[in-house]
Amino acid sequence: MYLKVLRMLKKKNAGKHSVTILMGQFNETIAGKETIKSGINSRPAGEFTDNPMIHLRLIKKLGLLPLMFSNMRELKKSSVGPHTVPAKTNISTEELGKIEQKARELGAVSIGYTKVERDDIFEGFGILYPYAIVFSIEMNEEQIQKAPSYDTLKMIQKTYAQTGVVANELTNYMRKLGFGAQAGPGLGGYAVYPVLAERAGIGAFGHHGLIITPETGSRHRLAVVYTNIENLPLVKENKHKWIESFCEKCGKCIKKCPAKAIYETPVKTKGENIAYIDNKRCIQYFAKNYGCTVCVKECPFNKTNYNVIKKGFLPER
Ligand code: SF4
Ligand code: SF4
């Protein structure tokens, strides 16, 4: 695993030779168990056609190594399946409260629950359980303001590593309580987390393709724990959908994106899938500019409280 991370520092195509391959290998380790496979409209796992690491000076690459190792360690841990068949499929309010409390103690900010559809799973991958607890981990505001910068990139890697720690610890905790659980860290997940997050009702898509939540705008990374719990409190309606109309009037990320990668109008792709950004354009700039993140920095939800924006936009509510 460590060798693969070191190779990642040199390879032009980071995705193909590193995270995606590791994901595939780790996915094999759970494949012997009963998995729910991807669907006919599943998207391919994101591939980096350019590698941000090769554009960094050696000293900066070395500065990121410990964080990359942590990310890969958490990804590897997440592939360890349960040793026993889960005893329970139904949860009490008290037990769910304990899980939420644990998640918050570990650093989760927004938390929601959803069913996972097969098309949510990346092409060729599988998961153990059909439900998910989705959560966000906040990214440091000061470092976001410096985007694009090395400090911002480092902070993002650190946040990713934290999503892995939270997902793995929560998984262990849930297994001890007798439930089925499988960690889905922020980096190298097997499903499209923003889609799960929106369905879980923790926020809604902004035009930059990221989930905007009341707690942290789009200044967060998402992760999940897949579970067999059948009576999770799923939401019937997403109360944040007004953001779509707000985005249509705003368009700031579209104007500020240095690569002109954000579509004026989101594009429908395979099945019900929607593309908000042209990935190829984004990655070309992203790779050479410390992971960019300008769209997060410039979004009004990163500067003004969600409720203040909502009140100004929907004054009657
Ligand atoms: S990360 Fe940068 S290049 Fe990519 S969509 Fe956001 S602003 Fe544009
Ligand atoms: S910058 Fe404006 S258009 Fe873009 S996601 Fe944020 S609110 Fe929506």
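What comes next is a walk through the structure. No experiment lies behind these values; they were computed from the predicted model shown.

### Looking at the overall build of the protein chain
Within the protein chain one finds 13 helices and 10 strands. Counting every position in the protein chain, which comprises 317 residues, the buried fraction comes to 44%. Long-range contacts, defined as pairs at least 24 residues apart, comprise 79% of the intrachain contacts of the protein chain with a sequence gap of at least 6.

### Description of the packing of helix 5 (residues 93-106) against helix 7 (residues 150-176)
Remark: helix 5 packs on helix 7, axes separated minimally by 10 Å, with the N-to-C direction vectors making an angle of 155°. Classified by the angle their axes make, helix 5 and helix 7 are roughly antiparallel. For the pair helix 5 and helix 7, the crossing hand works out as right-handed. Of helix 7, the residues touching helix 5 (which contributes Ile99, Lys102, Ala103 and Leu106) are Val166, Glu169, Leu170, Tyr173 and Met174. Here the contact of helix 5 with helix 7 is composed, by residue class, of 7 nonpolar, no polar and 2 charged.

### A word on helix 5
Taking 1.5 Å of rise per residue, 14 residues should cover 20 Å, and helix 5 covers 20 Å from first to last C-alpha, within 8% of that figure. Just beyond helix 5, the residue with positive phi is Gly107, at close to 120°.

### Concerning the site of ligand 1
Residues in contact with ligand 1 amount to 14 residues; listed here are only the nearest, Cys257, Ala259, Cys282, Cys292 and Cys295. Those elements that provide at least two residues to the shell around ligand 1 are helix 11 (279-288) and helix 12 (294-298). The element that contributes the greatest number of residues to the shell around ligand 1 is helix 11, accounting for 3 residues. A class-by-class count of the residues in the shell around ligand 1 yields 12 nonpolar, 2 polar and no charged.

### So, the environment of Asn238
Here Asn238 shows up in the loop between strand 8 (220-227) and helix 9 (242-250). Considering only alpha carbons, one finds Asn238 and Ala200, 38 residues apart in sequence, at a separation of 7.9 Å. Look past the residues within four positions of Asn238 in its chain and what remains in contact with it is Glu198, Gly201 and Ala204.

### Focus: the site of ligand 2
Of all residues adjacent to ligand 2, which total 13 residues, the nearest are Gly206, Cys247, Cys250, Cys253 and Cys299. Put simply, the parts of the chain that give the shell around ligand 2 at least two residues each are helix 9 and helix 10 (252-256). With 3 residues, the top contributor of residues to the shell around ligand 2 is helix 9. Across the shell around ligand 2, the residue classes break down as 7 nonpolar, 4 polar and 2 charged.

### Some remarks on the environment of Gly63
Here Gly63 shows up in helix 4 (residues 58-78). In this structure, the C-alpha to C-alpha distance between Gly63 and Tyr150, residues 87 residues apart in sequence, is 9.8 Å.

### Looking at the nonpolar core
Among the nonpolar cores identified, the biggest contains 79 residues, and Ala132, Val134, Ala191, Tyr193, Leu196, Val224 and Val225 are the most heavily contacted of them. Ranked by residue count, the leading element in this core is helix 7, at 9 residues. Not counting residues up to four positions away in its chain, the partners in contact with Val225 are Ala132, Ile133, Ala167, Leu170, Thr171, Met174, Ala181, Gln182, Ala183 and Gly184.

### Details of unusual backbone geometry
The omega torsion of the bond from Ala147 to Pro148 falls at -5°, within 30 degrees of zero and hence cis. Along the chain, Pro148 falls in the loop between helix 6 (141-145) and helix 7. Residues other than glycine seldom take positive phi values, yet Cys292 does so here, at roughly 45°. As for its position among the elements, Cys292 is in the loop between helix 11 and helix 12. The exposure class assigned to Cys292 is buried, which follows from the 23 C-beta atoms found within 10 Å.

### Considering the pairing of strand 10 (residues 274-277)
In terms of strand pairing, strand 9 (residues 262-268) meets strand 10 through 3 bridges, oriented antiparallel. In the strand pairing of strand 10, Lys268 is matched with Ile274. Remark: 5 residues form the turn of the hairpin made by strand 9 and strand 10, two consecutive strands paired antiparallel; Gly271 in that turn has positive phi of roughly 60°.

### Describing the packing of helix 4 against helix 7
Remark: helix 4 packs on helix 7, axes separated minimally by 9 Å, with the N-to-C direction vectors making an angle of 20°. By the angle class used here, helix 4 and helix 7 are roughly parallel. Pair helix 4 / helix 7 crosses with left-handed handedness. Contacts between helix 4 and helix 7 involve Lys60, Gly63, Leu64, Leu67, Met68, Ser70, Asn71, Glu74, Leu75, Lys77 and Ser78 from the former and Tyr150, Lys154, Gln157, Lys158, Tyr160, Ala161, Gly164, Val165, Ala167 and Asn168 from the latter. For the contact of helix 4 with helix 7, a count of residues per class yields 9 nonpolar, 7 polar and 5 charged.

Parameters at a glance
Residues numbered from 1 in each chain as written. Chains lettered and ligands numbered in written order. Predicted model: local features only at pLDDT ≥ 70, side-chain atom pairs only at ≥ 80, totals over all residues. Helix = DSSP H or I, 4+ residues; strand = E, 2+ residues; numbered from the N terminus. Buried ≥ 20, exposed ≤ 12 C-beta atoms within 10 Å, placed from the backbone. Contact = placed C-beta atoms within 7 Å. Axes fitted to C-alpha atoms, helices over the stretch in contact; angles between N-to-C directions. Parallel < 35°, antiparallel > 145°, perpendicular 65-115°, else oblique. Left-handed = near helix turned anticlockwise from the far one by under 90°. Nonpolar A, V, L, I, M, F, W, Y, C, P; charged D, E, K, R; others polar. Expected span 1.5 Å × (residues − 1). Near = placed C-beta within 6 Å. Core = buried A, V, L, I, M, F, W, Y, C linked by C-beta atoms within 7 Å. Pairing = 2+ DSSP bridges.

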